[in-house]
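# Working through the structure, step by step
As a plain string of letters, each chain reads:
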Amino acid sequence: MNKIKTISIALIAFLTCFSSCNSKKQVMEKPEHLINRITLVNILAESYLIESTLQMTPADSIYGKSDLARLYYKDLFDRYQITNEQFESSVAYYVSEEKSAEKLLNDAAALIISKKSEMVMPETEGTPN
């Protein structure tokens with residue numbers, strides 16, 4: 001199975017689980033430092049790439065997976081100038097309403113799929129497929 005498809009499935013499963021775990025029918029109160037939806041879609045897409053990378057990291061790597069996760073997420077959050085708390089509260093806010101959660105999920109999955117060509121190394125002549 002193609003890595004992007006696997007990541008997309010993981011994204012769908014995570015957000016579906018996250019939104020189904022939230023039994024609220026109405027949108028929760030808007031967090032004070034809400035991340036805008038478009039930015040959150042980008043962050044979610046990148047976070048799933050991080051998770052995919054961590055899954056493929058050998059257990060005997062120089063760095064432990066938890067150390068790598070901390071480094072990757074610190075870099076991600078620093079680039080977007082957000083905190084972990086902002087990320088968590090923003091995700092919770094957007095997935096607190098079913099249609100919003102579905103749109104967030106679809107947009108993040110579409111972004112991952114659209115970036116597929118950037119992540120796949122071009123094939124060169126003479127190399128095995």
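Residues numbered from 1 in each chain as written. Predicted model: local features only at pLDDT ≥ 70, side-chain atom pairs only at ≥ 80, totals over all residues. Heavy atoms only, no water.

### Brief notes about the packing of aromatic side chains
Geometrically, a pair of aromatic rings is defined through the distance of the ring centres and the angle of the planes. In the structure shown here, the tally under the stated rule is three aromatic pairs. Considering the side-chain rings of Y73 and F77, the 6.0 Å spacing of their centres and the 55° angle between planes classify their relative orientation as tilted. Pair noted here: Y73 and F77 are both in helix α3 (residues 65–80), with a separation of four residues, about one helical turn. A centroid spacing of 5.4 Å and a plane angle of 40° characterise the contact between F77 and F87, whose relative ring orientation is tilted. Residue F77 is located in helix α3, and its partner F87 is located in helix α4 (residues 84–95); the two are separated by 10 residues in the primary sequence. (Phe/Tyr/Trp six-rings, centres within 6.5 Å; stacked < 30°, edge-to-face > 60°. Helix = DSSP H or I, 4+ residues; strand = E, 2+ residues; numbered from the N terminus.)

### Things to note about the environment of K30
With respect to the secondary-structure elements, K30 resides in the loop between α1 (3–21) and α2 (37–56). Judged by relative accessible area, K30 falls into the exposed class, the value being 55%. (Buried < 20%, exposed > 50% of the residue type's maximum accessible area, 1.4 Å probe, protein only.)

### Topic: α3
Taking 1.5 Å of rise per residue, the 16 residues of α3 would be expected to cover 22 Å, and the 22 Å separating its terminal C-alpha atoms lies within 8% of that figure. Those residues of α3 that are buried are in contact with α2 and α4. Immediately downstream of α3, the backbone of Q81 shows phi near 50°, a positive value. (Expected span 1.5 Å × (residues − 1). Contact = heavy atoms within 4.5 Å.)

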